[in-house]
Amino acid sequence: MEEGVYRAVSGGRIALQRRQYSASCREFSVRCPRLQLRSLSAATCSVWLAAYGLFVLSQNSMVLSAAIFITLIGLIVYLHFVKIDQESLLVIGSLGIQMTSSYASGKENTTFIEMSQVKDVVINEAIYMQKVIYYLCILLQDPREPHGVSEVVPLFQSSKPRLDCLVEVYRSCQEILEQRKT
């Protein structure tokens, strides 16, 4: 297992772990920074101070209860549906490509694409927040038209690694795809 430290599009640090199980089976995991206690505390304090201000004005204790309840529900929703700690890509030349997103709450979302559906893996570019960013994506073969693409599946959507990290994953995926074609 090899690990490298890279930067995300936002400038934050991300870690890329590479595992090679065989010549045609490799796994890539991108770890995002953990939830910062400082930012969580700041958001919680802001909501509770605003609620306390409303309580002082209205003299209604339901405001404080509602603020605590909304904060807790918001945190649970954020950890379970939004905050992704790790994204992994498992490429098996004879079988397919598996993409897994691991949320901060422990929930995992896994998608599998059969290798017969994969046309290619490419690095694409997009305009995002007045910047050009690059992202890795899988081109799915159109079953009706052999030279066409039916769908573009972006990878590492949450971590958004920069180009140097994407090139490393891209080259490894291309090696496996080339072995499949020969």
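Residues numbered from 1 in each chain as written. Predicted model: local features only at pLDDT ≥ 70, side-chain atom pairs only at ≥ 80, totals over all residues. Heavy atoms only, no water.

Turning to the pairing of strand S5 (residues 96-103), a few remarks are in order. A large share of S5 lies buried, amounting to seven of its eight residues. Bridging between strand S4 (residues 84-92) and S5 involves eight bridges; their strand directions are antiparallel. Opposite Glu 87, over in S5, you have Ser 101 as the bridge partner. The antiparallel hairpin formed by S4 and S5 contains three residues in its connecting segment. Of the pairings in the sheet, the one linking S5 to strand S6 (residues 108-114) comprises seven bridges and is antiparallel in character. Residue Ile 97 lies in a different strand from S6, and its bridge partner there is Ile 113. In this antiparallel pair of consecutive strands, S5 and S6, the connection spans four residues, and Gly 106 shows a positive phi of 105°. (Buried < 20%, exposed > 50% of the residue type's maximum accessible area, 1.4 Å probe, protein only. Helix = DSSP H or I, 4+ residues; strand = E, 2+ residues; numbered from the N terminus. Pairing = 2+ DSSP bridges.)

Of the volumes computed, that of the largest pocket is approximately 330 Å³. Lining the largest pocket we find 20 residues, and of these Ser 10, Cys 32, Pro 33, Ser 158 and Ser 159 sit closest to its centre. Its residues placed into classes, the lining of the largest pocket shows 10 nonpolar, five polar and five charged. Considered as a void within the structure, the second largest pocket measures approximately 240 Å³ in volume. Taken together, 17 residues form the lining of the second largest pocket, with Glu 87, Met 99, Ser 101, Pro 154 and Gln 157 sitting closest to its centre. Taken together, the residues that form the lining of the second largest pocket break down as eight nonpolar, eight polar and one charged. (1 Å grid on protein atoms, 1.4 Å probe; cavity = no way out; pocket = protein on both sides within 12 Å on 5 of 7 lines; lining within 4 Å. Points joined across faces, edges and corners; volume = space filled by probe spheres on them. Nonpolar A, V, L, I, M, F, W, Y, C, P; charged D, E, K, R; others polar.)

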